[in-house]
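# Observations on chain architecture
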Amino acid sequence: MALGIPVPIGSIERELGRLWKESGESKSRASLINLAIYSEKPDALETNSLIIQSIAGEHAMRALLIQADPTAVGNSAEAWINMHCYLRGPHGGEVCSEQISFLLAGQSARTLQSVVFSHLDSDLPLILWWQADFYPPLDEKIWRGVDRLLFDSSHWSHPREQFQVISGIAESRTILCDLNWARSLPIRQALAGIFDIPGTLPELQSITTLQLDHAHGHRTTALLLLGWLADRLGWRLIMASEQPQFQDAGGSLITVTLQEAGETCINRILLISRNASFELRRESGSDLYVTTVRGKEIPTASRMVRAPREATREVLLTELARGGRHPLFLPSVRAVEALWE
Amino acid sequence: MSSPTVNPLREGIVNRLAPEPCTLVIFGATGDLTHRKLIPALYNLAAEGALPPSITIIGFARREKTTGEFRAEMEASVRKFSRTPVDEALWKNFASALIYHRSPFDDLSGYESLARAMEAADQTRGTGGNRLYYLAVAPDQFPVILSRLRESGLSQAPKGSWARVIVEKPFGTDLRTAQELNRLVGEVFAEKDTFRIDHFLGKETAQNIMVLRFANSIFESLWNSKHISNVQITAAEPLGIEGRAGYYDNSGAMRDMVQNHLLQLLTLTAMEPPTSLSADAIRDEKVKVLRSLRPLRGDDVFRHVVRAQYTAGLIAGEPVTGYRDAEGVARNSHTESYVALQVNIDNWRWAGVPFFIRTAKRMPKGGTEIAITFKSVPRVLFNKSGQGLDENVLVIRIQPDEGVSLRMSSKMPGSRLRIEPVKMDFHYGTSFGKATPEAYERLLLDAMSGDATLFARCDEVEEAWTFVDGIEDAWKTRSDDLAFYTAGSWGPVEADELAARHGVTWRRM
């Protein structure tokens, strides 16, 4: 079973020690972060254990998986310990990350601080991936020790409400990390790359039309991209509708179309300016973004760059590899505030 | 409204200078470096979207070849040497930027036609008039290529654009030739546009030396003669000269490794904190270290430097021939395949701290590392006898198995007081599973961005040669100092004696 050996919560550290002792000298423990994942979904422990298994080879960590049911009648707390090991290094030794899994119900699910966070690897950053909705008011005690708070706004049914709830955390030392924002990073990189082509930069000031094609369930990704463009280019939302309208710094209108099409989260972005058009496209099943520039006085240019897979593992790896704050995230959210549902 | 000069969509995406669109001309496009390193590095950068979108890469070489043939050869090389697998569509897209330009290096008309090819690329691909010339050729070709670049006007960028040159090592063979080369390059390109590549500086661990020293408060306060007893910098390799006798027998370990790579590592280890992270601020501090090196001249050389040659022996259980038996090496060659130096840095921070530098071929195993040995604790408490405790040693492993380790003393469990050394070990490969990019990827991007931090400045090169020339000059006066060591051993006994005179033993790697 992916969760490993069942252990009493009171003797997790002792049992981990025993596990290491039994595993022999060829294995070494590595840990750069504490990654805690909180979920209220029924199969979360198994699902998240597979994710940890798939990323531990690149990010050595202590993983703390929590599956909670705070509404359950009664009170229970179970735990398992496990290791994910990979062959590494010139001598082929195994490097292992530890995983502790918790299944919590009732009152136990509301005492994360004592039950779970007492098992952190001390002095290493705590990254908490919150897979449930945020309920106001947020428990200060939980967030105070969190270095990075991960969540995925593409899973939210009420993004407007959720963004409002977490906006208070943004004031603290905790860094907000939306995996949906990380998901859009390769797209933003590819789009930014188009405007490195000489002669294209001035065209950013005369955009008239933006079309964003996104897969079903990825409207929030498209909105984040739209917010990013609006924030970066100084557009102001003047009409929040199915076909929103923005006004640029010079007072000209920009018409935006967001539509469901294709299978990858963002299939196509088309920007039309006074003198040129700029397209980013990802064909279904393709691992590449193709960007194309066509214009009156700009040489037609087409370029391909590797597009990462959009599986949770890849998005999580992108986020973990970034580090630092995400200064453009909240401004991008706010630039399209009226469009969030 | 004025036009933007900075791409607003770039902000917050990468925290480095963006490489600018350009035409990259590789002189020596059919050579080994282009096949093994440059084109695979460029392909990987393109695949990650890190290259400027409209880059054009022109391979300049003497051999008769079509662009189609050049692309096919480069594809084979990328398939063989790239750190990531080749994607067909990506390769096709990347290959469309590759052009072959055949010309002898001394033929001015070849440069005139190159100019036309680059202007065409400016028009059709939007390279913006920016030029980056990579001299991936033997040093004897540098003068003619630089002269022709100047005569054809190619070293002068059109207004609003730039022309830069990347020069591969060796940067001369002594101070005089280095100065001549610098003068030659300086007549054609400004210093800010000259990028002398030392691939050691592109390695992650070399870059981490500064981070380790200046981003961790626990080290810098101890990083001086009050607390450090000695420093050892070692670059060992099990390989012999591998068919490079023509070059190596004229160069030797001192010129091949010490003058560039190892003195660069020494400067990063010993430099003062720079005032900023700008290229010149960092290089200013590195140059100060080189200027503070106590010169070794005359008899001093034979007291502070050991040179040696390997004789036949065993490497990994396999017999190997001695240096003088290698093909192309003179039977009476005095070229050193091993060199060990004890140097002093005469400044306030390092007064009295011996630095040991050692590099060799045909060692039992390969590796490059910097070992900083701290002074022993006072002879009280656990060290009353002065013999019982090992010193703390901080080791920065540059390659392979990159990482940092710290040796310290610890009580062994038990009722008796027994103190033993233990090692805290950080391995890049263990903690960061992700493959690190090749040094050439980073350095090519930096050159396209105009960031010269990881490149050697002309005064750095000349100061390093000034130091090395003193040793080479002394060596020319004698030959009886050449020592010998068996291939597969850790070097000659004379080197052990050199270290022992300072109460030091060479580290066992």
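Attention in this report is confined to the structure presented alongside it. (Residues numbered from 1 in each chain as written. Chains lettered and ligands numbered in written order. Predicted model: local features only at pLDDT ≥ 70, side-chain atom pairs only at ≥ 80, totals over all residues. Heavy atoms only, no water.)

### Notes on the overall build of chain A
Of regular secondary structure, chain A possesses 10 helices and 17 strands. Counting only C-alpha atoms and orienting by the principal axes, one finds that chain A spans roughly 70 × 50 × 30 Å. Split into buried and exposed, the 341 residues of chain A put 55% on the buried side. When contacts within chain A are restricted to residue pairs at least 6 apart in sequence, those whose partners lie at least 24 apart make up 69%. When the accessible surface of chain A is summed, it comes to about 14,500 Å², and 50% of that surface belongs to carbon and sulfur atoms. Treating the 32 positive side-chain charges of chain A as one cloud and the 39 negative ones as another, the clouds have centres 4 Å apart. (Helix = DSSP H or I, 4+ residues; strand = E, 2+ residues; numbered from the N terminus. Buried < 20%, exposed > 50% of the residue type's maximum accessible area, 1.4 Å probe, protein only. Contact = heavy atoms within 4.5 Å. Areas by Shrake-Rupley, 256 points an atom, 1.4 Å probe, with all protein chains shown as cover. Lys, Arg positive; Asp, Glu negative; His and termini not counted. Charge placed at Lys NZ, Arg CZ, Asp CG, Glu CD.)

### Quick word on the environment of Thr220(A)
Residues and elements named next belong to chain A. By the element assignment, Thr220 lies in helix 8 (residues 219-233). The buried category is assigned to Thr220, whose relative accessible area is 9%. Between the alpha carbons of Thr220 and Leu35 there is a distance of 25 Å; along the sequence they are 185 residues apart. Excluding anything up to four places from it in sequence, Thr220 contacts Ser153, Ser154, Pro159, Asn180 and Trp340.

### Focus on the interface of chain A and chain B
With 38 residues of chain A at the interface, the matching set in chain B holds 41 residues. Both sides together, the interface formed by chain A and chain B hides about 3,300 Å², and carbon and sulfur atoms give 60% of it. At the junction of chain A with chain B, the criterion picks out two salt bridges. The shortest N-O distance in the salt bridge between Arg232(A) and Glu11(B) comes to 2.9 Å. The interface formed by chain A and chain B contains nine residue pairs in polar contact (both at pLDDT 80 or more). Of all the secondary-structure elements, those providing two or more residues to the side of chain A that touches chain B are helix 7 (185-194), helix 8 and strand 17 (301-306) of chain A. Broken down by element, the side of chain A that touches chain B gets its largest block of residues, six residues, from helix 7 of chain A. (Buried area = accessible area lost by both parts, 1.4 Å probe. Salt bridge = Lys/Arg side-chain N within 4 Å of Asp/Glu carboxyl O. Polar contact = N/O pair within 3.5 Å; in protein donor to acceptor, adjacent residues only side chain to side chain.)

### Comments concerning the nonpolar core
Grouped together as the largest cluster of nonpolar side chains are 153 residues, with contacts concentrated most on Phe27(B), Leu42(B), Phe94(B), Tyr133(B), Tyr134(B), Leu263(B) and Leu341(B). Of the residues forming this core, the biggest block, 12 residues, is contributed by helix 9 (residues 245-270) of chain B. If sequence neighbours within four positions are ignored, Tyr133(B) has contacts with Val25(B), Phe27(B), Met118(B), Leu149(B), Leu154(B), Ala163(B), Arg164(B), Val165(B), Ile166(B) and Phe189(B). Ranked by size, the runner-up nonpolar core spans 90 residues in total, among them Leu19(A), Ile81(A), Ile269(A) and Ile13(B). (Core = buried A, V, L, I, M, F, W, Y, C linked by side-chain atoms within 4.5 Å.)

### Observations concerning the side chain of Thr56(B)
By secondary structure assignment, the location of Thr56(B) is in strand 2 (residues 56-61). In contact with Thr56(B), other than residues within four places in its own chain, are Cys22(B), Thr23(B), Leu24(B), Ala97(B), Ile99(B), Ala121(B), Arg125(B) and Thr127(B).

### A short note on helix 1 (residues 12-23) of chain A
All names here are of chain A. Given a rise of 1.5 Å per residue, 12 residues ought to cover 16 Å, and the 16 Å separating the end C-alpha atoms of helix 1 matches this to within 8%. All of the buried residues in helix 1 are Ile12, Glu15, Leu16, Leu19, Trp20 and Ser23. The buried residues of helix 1 occupy an angular sector of 145° when the element is viewed end-on, so they sit on one face. Exposed residues pointing more than 90 degrees away from the buried face of helix 1 are listed as Arg14, Lys21 and Glu22. Backbone geometry just downstream of helix 1 places Gly24 in the positive-phi region, at approximately 90°. (Expected span 1.5 Å × (residues − 1). Arc of directions from axis to C-beta.)

### Regarding the packing of aromatic side chains
Under the counting rule described, the total for this entry stands at 30 aromatic pairs over all chains. Considering the side-chain rings of Trp130(A) and Phe134(A), the 6.1 Å spacing of their centres and the 15° angle between planes classify their relative orientation as stacked. In this structure, Trp130(A) and Phe134(A) share a single accessibility class: buried. Measuring from ring centre to ring centre gives 5.1 Å for Phe60(B) and Tyr111(B), while their planes differ by 45°; the resulting arrangement is tilted. (Phe/Tyr/Trp six-rings, centres within 6.5 Å; stacked < 30°, edge-to-face > 60°.)

### Considering the pairing of strand 7 (residues 126-130) of chain A
All names here are of chain A. Taken across its five residues, strand 7 has five buried, putting it largely inside the fold. Sheet analysis places strand 3 (residues 33-39) next to strand 7, joined by five bridges and oriented parallel. Counterpart to Leu35 in the pairing with strand 7 is Ile127. (Pairing = 2+ DSSP bridges.)

### Concerning the environment of Leu149(B)
All names here are of chain B. With respect to the secondary-structure elements, Leu149 resides in helix 5 (residues 142-151). On the basis of relative accessible area, Leu149 is assigned to the buried category, the value being 0%. Sequence separation between Leu149 and Phe189 is 40 residues, and the spatial gap between their C-alpha atoms is 9.8 Å. For Leu149, the contacting residues outside a window of four places in its chain are Phe27, Tyr111, Tyr133, Leu154, Ser155 and Phe189.

### Describing the sheet that holds strand 13 (residues 253-260) of chain A
All names here are of chain A. An order of 11-12-13-10-14-15-16-17 is seen for the eight strands of this open sheet, with the pairing classed as mixed. Strands at the two margins of the open sheet, each flanked by one partner only, are strand 11 (236-239) and strand 17. The mean inter-strand angle of the sheet, taken between neighbouring strand axes irrespective of direction, is 20°. Where strand 10 (residues 207-214) and strand 14 (residues 266-273) come together, seven bridges link them in antiparallel fashion. What sits directly across from Thr209, in strand 14, is Ile272. (Axes fitted to C-alpha atoms, helices over the stretch in contact; angles between N-to-C directions.)

### Some words on the pairing of strand 14 (residues 393-399) of chain B
All names here are of chain B. Among the seven residues that make up strand 14, six are buried, leaving the element largely enclosed by the rest of the structure. Here strand 13 (residues 367-374) pairs with strand 14 via six bridges, running antiparallel. Paired with Thr368 across the two strands is Gln399, which belongs to strand 14. By the bridge criterion, five bridges tie strand 14 to strand 15 (residues 403-411) in an arrangement that is antiparallel. Across the sheet, Leu394 pairs through a bridge with Leu406, a residue of strand 15. The turn joining strand 14 and strand 15, which pair antiparallel and follow one another in sequence, is formed by three residues; a positive phi near 50° is taken by Asp401.

### Some thoughts on the packing of helix 6 (residues 175-188) of chain B against helix 14 (residues 458-477) of chain B
Residue and element names in this part refer to chain B. Close contact between helix 6 and helix 14 brings their axes to 8 Å; oriented N to C, the two are set at 165°. With respect to helix 14, the axis of helix 6 lies roughly antiparallel. Seen from above, helix 6 lies across helix 14 with left-handed handedness. In contact with Leu175, Arg176, Ala178, Gln179 and Asn182 of helix 6, helix 14 contributes Cys458, Val461, Glu462, Trp465, Thr466 and Asp469. (Parallel < 35°, antiparallel > 145°, perpendicular 65-115°, else oblique. Left-handed = near helix turned anticlockwise from the far one by under 90°.)

### Quick word on the sheet that holds strand 8 (residues 305-311) of chain B
Residues and elements named next belong to chain B. In spatial order, the strands read 16-15-14-13-7-12-11-8-18; together these nine strands make up an open sheet with mixed pairing. Looking along the sheet, the strands with just one partner apiece sit at the ends: strand 16 (419-427) and strand 18 (483-486). The mean angle between the axes of side-by-side strands here comes to 20°, regardless of whether they run parallel or antiparallel. Sheet contacts for helix 14: strand 8 and strand 11 (338-344); angle to strand 11, the most-contacted strand, approximately 125°.

### Description of unusual backbone geometry
With an omega dihedral of 5°, the bond running from Lys169(B) to Pro170(B) counts as a cis peptide bond. The step from Gln399(B) to Pro400(B) runs through a cis peptide bond, and the omega angle for that step is -20°. Within the element layout of this structure, Pro400(B) appears in the loop between strand 14 and strand 15. Phi is positive for Asp123(A), close to 70°, though the residue is something other than glycine. Here Asp123(A) shows up in the loop between helix 3 (112-115) and strand 7.

### As for the pattern of salt bridges
One pass over the structure, following the stated rule, counts 54 salt bridges over all chains. Asp147(A) serves as the salt-bridge partner of Arg173(A), at 2.4 Å between the closest nitrogen and oxygen. Of the two residues, Arg173(A) is situated in the loop between helix 5 (159-166) and strand 9 (175-178) and Asp147(A) in the loop between helix 4 (140-144) and strand 8 (148-151); the sequence distance between them amounts to 26 residues. Here Arg79(B) ties to Glu75(B) by a salt bridge, and the two come within 2.8 Å at their closest N and O atoms. Of the two residues, Arg79(B) and Glu75(B) are both situated in helix 2 (residues 67-81); the distance of four residues between them amounts to about one turn of the helix. The class of Glu75(B) is partly exposed, set by a relative accessible area of 23%. Several salt bridges converge on common partners, so that one network encompasses Asp280(B), Arg283(B), Asp284(B), Arg291(B), Arg457(B), Asp459(B) and Glu463(B).

Read these as spatial facts, not as claims about activity.
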